[in-house]
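Observations on chain architecture
Residue strings, one per chain:
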Amino acid sequence: MPKKQQAGIIIIVGPTASGKSDLAIKIARKLKGEIISADSRQVYKGMDIGTGKVSREERRMTKHHLIDIASPKKVFTADNFKKYGQRAIDEIIAKDKQPIIVGGTGFYIDTLLGKITTPLVPPNPKLRKELEKKSLESLLRTLEKLDPERFNNIDRKNKRRIIRAIEIIKTTGKPVPKLEPKESEYKIIWLGIKINKLKLEKNIETRLKKRFKMGMINEVKKLIDSGVSHKRLEDLGLEYRYISRFLKGQINKKELSEQLFLEIKRYSKRQATWFKKNKEINWISNYSEALAILKNRL
């Protein structure tokens, strides 16, 4: 088995709908690699269309890790991702294959690499119950006052995540841990997909229409039938949050499409803000540019 210090890990990042999965598969087939999905929702079973999981045929061609490993009824954390991700890296390296991490959940990737250390703060049921009673707006004001930086990059519609951030701050007396440069035990090659804003918006719109045609609403109905609550769907965000609201009659079909499109656009901006902080990323526009960088670095 190669030593960790000798092992090179390729990381492909970028906003949602920028083409990360397609690029990762091309690179994996070229370099005899295996892919680790760094997506906070693709870990969940039964959430296929809404999270844009690669097809089963693509998974047969190129092995993917960290897809379909958790129940959507339970919360899968960044620490869980670190544990399973590390296991996947070791497994891929042991087979003398190329690990390729691909996804848009920057927090998970940085946690896996040790760039962020999540505090071991146990749940505080009393505090959570107290915070749960407050409105989303009130919680956001509290977070902005306690930790402006976390406020700026958090999903502002995800009440569970906001409550967790406040819980960490109130327990430790410190802001949520920041991204800190740290020498990795691996040789890391970062690739970021650079995409024109208008092109990205068009991709988001086209993909959203395609997912509705593929049966995304029925996918959410099946999750509900399997015991996933509407409250949990709210926490799962984006497609699952807004389709849940549609199924409850809170919004109509037109509002569902419009609100979801706007929310995905906002999410892509938050992703871009996160990745801009990382000066190690090599920004590329296509497969050829990616291969040129990898040829020089691997």
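Our subject is the structure that appears above.
Residues numbered from 1 in each chain as written. Predicted model: local features only at pLDDT ≥ 70, side-chain atom pairs only at ≥ 80, totals over all residues. Heavy atoms only, no water.

Turning next to the packing of aromatic side chains. All told, the structure shown has three aromatic pairs when counted by the stated rule. Their ring planes at 35° and their centres at 5.1 Å tell us that Phe81 and Tyr108 sit as a pair that is tilted. Highlighted residues: Phe81 in helix H3 (residues 78–94) and Tyr108 in helix H4 (residues 106–112), separated in sequence by 27 residues. Across the pair, Tyr108 and Phe81 agree in class, each one buried. Relative to Trp274, the ring of Phe107 has its centre 6.2 Å away and its plane inclined at 80°; by these criteria the two rings are edge-to-face. One end of the pair, Phe107, is in helix H4; the other, Trp274, is in helix H13 (residues 253–276), and 167 residues separate them in sequence. The class for Phe107 is partly exposed, based on a relative accessible area of 23%. (Phe/Tyr/Trp six-rings, centres within 6.5 Å; stacked < 30°, edge-to-face > 60°. Helix = DSSP H or I, 4+ residues; strand = E, 2+ residues; numbered from the N terminus. Buried < 20%, exposed > 50% of the residue type's maximum accessible area, 1.4 Å probe, protein only.)

Burial within strand E4 (residues 98–102) is extensive, with five of its five residues counted as buried. What you see with E4 is no split at all: Gln98, Ile100 and Val102 on one side and Pro99 and Ile101 on the other are buried throughout. Where strand E1 (residues 8–13) lies against E4, three bridges are found, and the strand directions are parallel. What sits directly across from Ile10, in E4, is Ile100. As judged from the five bridges shared by strand E2 (residues 33–37) and E4, these two strands associate in the parallel manner. Within E4, the residue paired with Ile35 across the bridge is Ile100. (Pairing = 2+ DSSP bridges.)

Generally speaking, nonpolar side chains in soluble globular proteins are found buried as a group. Of all hydrophobic cores here, the largest spans 51 residues; its most connected members are Ile11, Ile101 and Leu260. Apart from the residues lying within four places of it in its own chain, the contact partners of Leu260 are Leu208, Phe212, Met216, Leu238, Glu239, Tyr242 and Glu255. (Core = buried A, V, L, I, M, F, W, Y, C linked by side-chain atoms within 4.5 Å. Contact = heavy atoms within 4.5 Å.)

A separate point is the packing of helix H10 (residues 216–225) against helix H12 (residues 238–247). Where H10 meets H12, the closest approach of the two axes is 10 Å, and the angle between their N-to-C directions is 80°. On the basis of their axis angle, the class for H10 and H12 is roughly perpendicular. Contacts between H10 and H12 involve Met216, Ile217, Glu219, Val220, Lys221, Leu223 and Ile224 on the former and, on the latter, Glu239, Tyr240, Ile243, Ser244, Phe246 and Leu247. Taken together, the residues of the contact of H10 with H12 sort by class into nine nonpolar, one polar and three charged. (Axes fitted to C-alpha atoms, helices over the stretch in contact; angles between N-to-C directions. Parallel < 35°, antiparallel > 145°, perpendicular 65-115°, else oblique. Nonpolar A, V, L, I, M, F, W, Y, C, P; charged D, E, K, R; others polar.)

Let us now look at the environment of Glu34. Note that Glu34 resides in strand E2. Each C-alpha atom, one on Glu34 and one on Gln86, is 14 Å from the other, the two residues being 52 residues apart in sequence. Discounting chain neighbours no more than four positions away, the residues touching Glu34 are Lys63, His65, Ile92, Lys95, Lys97, Gln98, Pro99 and Ile100. At 2.8 Å, the side chain of Glu34 forms a polar contact with the side chain of Lys95. (Polar contact = N/O pair within 3.5 Å; in protein donor to acceptor, adjacent residues only side chain to side chain.)

Attention now moves to the packing of H12 against H13. Contact pair H12 / H13: the axes reach a minimum separation of 10 Å and the direction vectors enclose 160°. Judged by the inter-axis angle, H12 sits roughly antiparallel to H13. The handedness of the crossing between H12 and H13 comes out as right-handed. When H12 is examined against H13, the residues Leu238, Glu239, Tyr242, Ile243 and Phe246 are found in contact with a partner set consisting of Lys253, Leu256, Gln259, Leu260, Glu263, Ile264 and Tyr267. (Left-handed = near helix turned anticlockwise from the far one by under 90°.)

Within the element layout of this structure, Ser226 appears in the loop between H10 and helix H11 (230–236). Assessed through its relative accessible area of 40%, Ser226 is described here as partly exposed. Along the chain, Ser226 and Val102 lie 124 residues apart, while their C-alpha atoms are 29 Å from each other.

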